[in-house]
Amino acid sequence: MIRCALFLLLLPGLLLAGKLEEFADDVEYLDKSYQEVEKLPTSSAYKTEYRKRIVGARNRAYELQRAIEKLGIPKTSLDSTLNKMISCMDIDGVTKRGVSTQAGDRTGYANDLRRQISYLQELNYSFESNTFEDPYPESDTYEAVHRFESLLKSAFRITQGKGYVNEGVRKKYDEIFRDLQTLGKTISMQVQKRQLKLPKGFQLTGNLEAFQTSAEKVLSVRNRREASNSRKLRRLVGEKNYKEAMNTVKYAAERLENEINFLKRSNFELRVRKTNLLPVSSRAVPSADEITEQPDRLSFSELWKKYSAAKEKVFRSESKLRGVSDTFYDNYRKLLTDSQQKELDALREKFLREELSPELARSMAVKTMHTKYRFSRKEFTAPLLADILKKNGLL
């Protein structure tokens, strides 16, 4: 029974999951399965799979950490913390070259990784899109759409598990879904209030209800007492009704993800309080002073979000394949700092010397600068961002 459970853990459902979610699964598996895998013979297939999982986790941690550092996100050390965790393990055939034994224990380092992963999920960090969303950490609020997406992913991962659902997991799911329901209603009400033009079939609360109805069937089966027996669990999950419920969960999750993406593309913004997930303000666009009690003073994070959106809008306003106009170049240039403007002009001159046409020289210069500074905040302060936004009539 133990070996069967371990094998099932090696087959996680990854719909809606990215590299960060895969790494979170790695951490859970490596920590919770270690004591059982450690007892198995060296030649055991499950021990071999465990070694492969360690190698995969290391690679993912390294890739994630490098990408996170490039975005300037602090408070993470996924690769080094994982190596410390591995140093506390004794698995035959796993090289520990370059990993010194650390003070501490495996589960302690696993918990540290869980905290780091949770922090990145709060930021809605995505390795695949190389972006993150600042959830206003100093104001005790969430950006509603991104919080909804994060909770949906967590709920979906629980439904896609293969093993027995104990009371702790069941309780966690129920808490997640209560927040999803509250957020879904809050977002839907604001969508109606703002008279947002919706695509055909947009039914956020309806799809959420469909997700919950089928998820309840799935979890109820795996929460039965007899489901703790792997042989009986296989029989239960092989039934037609269970498979149909699983398919409905996946379909509803895909529909909800499409609706989330629509709201993001529409620049739908709604800040909600962490305490009750209700809007910070009844006004369509809440202002910073409602939280900070500092009228007309936006935080660096809020200014950066406005600035990034403005620069991205200008950057996407013309196709750069055959070159760009003087107007495009000037509009983009106005959003840069003084030193960045000089760097942009120098790049344009460099490409002109290389005998590119003026249109292509402008295009190449802008693309180079946009790639280099798109996520770099170190050149800015809150007053400087505010000054640039005001000069461009954006604040």
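Read on for a plain summary of the structure. (Residues numbered from 1 in each chain as written. Predicted model: local features only at pLDDT ≥ 70, side-chain atom pairs only at ≥ 80, totals over all residues. Heavy atoms only, no water.)

## Notes on the overall build of the protein chain
In terms of regular secondary structure, the protein chain is built from 16 helices and two strands. For the protein chain, buried positions account for 44% of its 395 residues. Sequence-distant contacts in the protein chain: of pairs separated by 6 or more residues, those separated by 24 or more amount to 70%. (Helix = DSSP H or I, 4+ residues; strand = E, 2+ residues; numbered from the N terminus. Buried < 20%, exposed > 50% of the residue type's maximum accessible area, 1.4 Å probe, protein only. Contact = heavy atoms within 4.5 Å.)

## Digging into helix H16 (residues 382-391)
Turning to H16, its buried residues are Leu-385, Ala-386, Ile-388 and Leu-389. Around the axis of H16, the buried residues are gathered within 165° of arc, so they sit on the same side. Exposed positions of H16 whose direction lies more than 90 degrees from the buried face are Pro-383, Lys-390 and Lys-391. The inward-facing, buried residues of H16 abut helix H12 (300-315). Downstream of H16 by a residue or two, Gly-393 has a phi angle that is positive, lying close to 65°. (Arc of directions from axis to C-beta.)

## Brief notes about unusual backbone geometry
Unlike most non-glycine residues, Gln-195 shows phi in positive territory, near 55°. The residue Gln-195 is located in the loop between helix H7 (167-193) and helix H8 (204-222) in this model. Assessed through its relative accessible area of 71%, Gln-195 is described here as exposed. Its identity is not glycine, yet Glu-355 carries a phi of approximately 70°, on the positive side. Summarising the element assignment, Glu-355 is placed in the loop between helix H14 (338-353) and helix H15 (358-373). Exposure remark for Glu-355: the relative accessible area of 74% places this residue in the exposed category.

## Section: H14
Side chains that are three or four residues apart share a direction in an α-helix, a result of its 3.6 residues per turn. When the terminal C-alpha atoms of H14 are compared, their 23 Å separation across 16 residues agrees well with the 22 Å that a helix rising 1.5 Å per residue should span. Taken together, the buried positions of H14 are occupied by Gln-340, Gln-341, Leu-344, Asp-345, Leu-347 and Phe-351. Buried residues of H14, seen end-on, are gathered within an arc of 155° and therefore sit on one face of the element. Exposed side of H14, more than 90 degrees from the buried face: Asp-338, Ser-339, Lys-342 and Arg-353 are the residues found there. Contacts made by the buried residues of H14 are with H12, helix H13 (326-333) and H15. Looking at the residues trailing H14, positive phi occurs at Glu-355, about 70°. (Expected span 1.5 Å × (residues − 1).)

## A short note on the nonpolar core
Counting residues in each nonpolar core, the largest one holds 39 residues, and the members touching the most others are Phe-148, Tyr-173, Leu-180, Ile-187, Phe-211 and Leu-263. Broken down by secondary-structure element, the contributors of at least two residues to this core are helix H6 (144-159), H7, H8 and helix H10 (240-265). For this core, the element with the most residues is H10, which contributes ten residues. Sequence-distant contacts of Leu-263, defined by excluding residues within four places in its chain, comprise Val-145, Ile-187, Val-191, Leu-196, Phe-202 and Phe-268. Counting 31 residues, the second largest nonpolar core, distinct from the first, contains Val-37, Met-85, Ile-86 and Met-89. (Core = buried A, V, L, I, M, F, W, Y, C linked by side-chain atoms within 4.5 Å.)

## Considering the side chain of Lys-19
Structurally, Lys-19 is set in helix H2 (residues 19-39). In contact with Lys-19, other than residues within four places in its own chain, are Arg-60, Glu-63, Leu-64, Phe-127 and Glu-128.

## What to know about the pattern of salt bridges
Evaluation of the coordinates by the stated rule reveals 21 salt bridges. Between Asp-326 and Arg-362 there is a salt bridge, with the nearest N and O atoms lying 3.2 Å from each other. A residue pair is termed long-range when its members are at least 10 positions apart, and Asp-326 in helix H13 and Arg-362 in helix H15 qualify at 36 residues. Residue Asp-326 is classed as partly exposed on the basis of its relative accessible area of 44%. (Salt bridge = Lys/Arg side-chain N within 4 Å of Asp/Glu carboxyl O.)

## Overview of the environment of Thr-141
Relative to the helices and strands, Thr-141 resides in strand S1 (residues 141-143). Overall, Thr-141 belongs to the buried group, its relative accessible area being 0%.

## Some thoughts on the packing of aromatic side chains
For the coordinates displayed, the defined rule picks out nine aromatic pairs. Plain terms: the ring middles of Tyr-307 and Phe-380 are 5.0 Å apart, the flat faces sit at 55° to each other, and that makes the pair tilted. Note that Tyr-307 is positioned in helix H12 and Phe-380 in the loop between H15 and H16, a separation of 73 residues in sequence. Take Tyr-307 and Phe-380: they sit in the same class, and that class is buried. Taken together, the aromatic side chains of Phe-300, Trp-304, Tyr-307 and Phe-380 make up a single cluster linked through ring pairs. (Phe/Tyr/Trp six-rings, centres within 6.5 Å; stacked < 30°, edge-to-face > 60°.)

## Quick look at the packing of H12 against H13
Any two packed helices are characterised by the angle at which their axes cross and by the distance between the axes. At a closest axis distance of 9 Å, the pairing of H12 and H13 adopts a crossing angle of 170°. The pairing of H12 with H13 is recorded here as roughly antiparallel in orientation. Along its contact with H12, which presents Lys-311, Val-314 and Phe-315, the element H13 presents Phe-328, Asn-331 and Tyr-332. For the contact of H12 with H13, the per-class residue count stands at four nonpolar, one polar and one charged. (Axes fitted to C-alpha atoms, helices over the stretch in contact; angles between N-to-C directions. Parallel < 35°, antiparallel > 145°, perpendicular 65-115°, else oblique. Nonpolar A, V, L, I, M, F, W, Y, C, P; charged D, E, K, R; others polar.)

## Regarding the environment of Gly-201
Residue placement: Gly-201 occurs in the loop between H7 and H8. With a relative accessible area of 36%, Gly-201 lands in the partly exposed category. Remark: the alpha-carbon pair of Gly-201 and Glu-259, spanning 58 residues in sequence, is separated by 9.4 Å. Those residues in contact with Gly-201, other than ones at most four positions away along the chain, are Asn-207, Arg-255 and Glu-259.

## Looking at the side chain of Thr-337
As for its placement among the helices and strands, Thr-337 is situated in the loop between H13 and H14. At 3.3 Å, the side chain of Thr-337 and the side chain of Ser-339 are in polar contact. Thr-337 has contacts with Glu-379, Phe-380, Leu-384 and Ile-388, leaving out every residue within four places of it along the chain. (Polar contact = N/O pair within 3.5 Å; in protein donor to acceptor, adjacent residues only side chain to side chain.)

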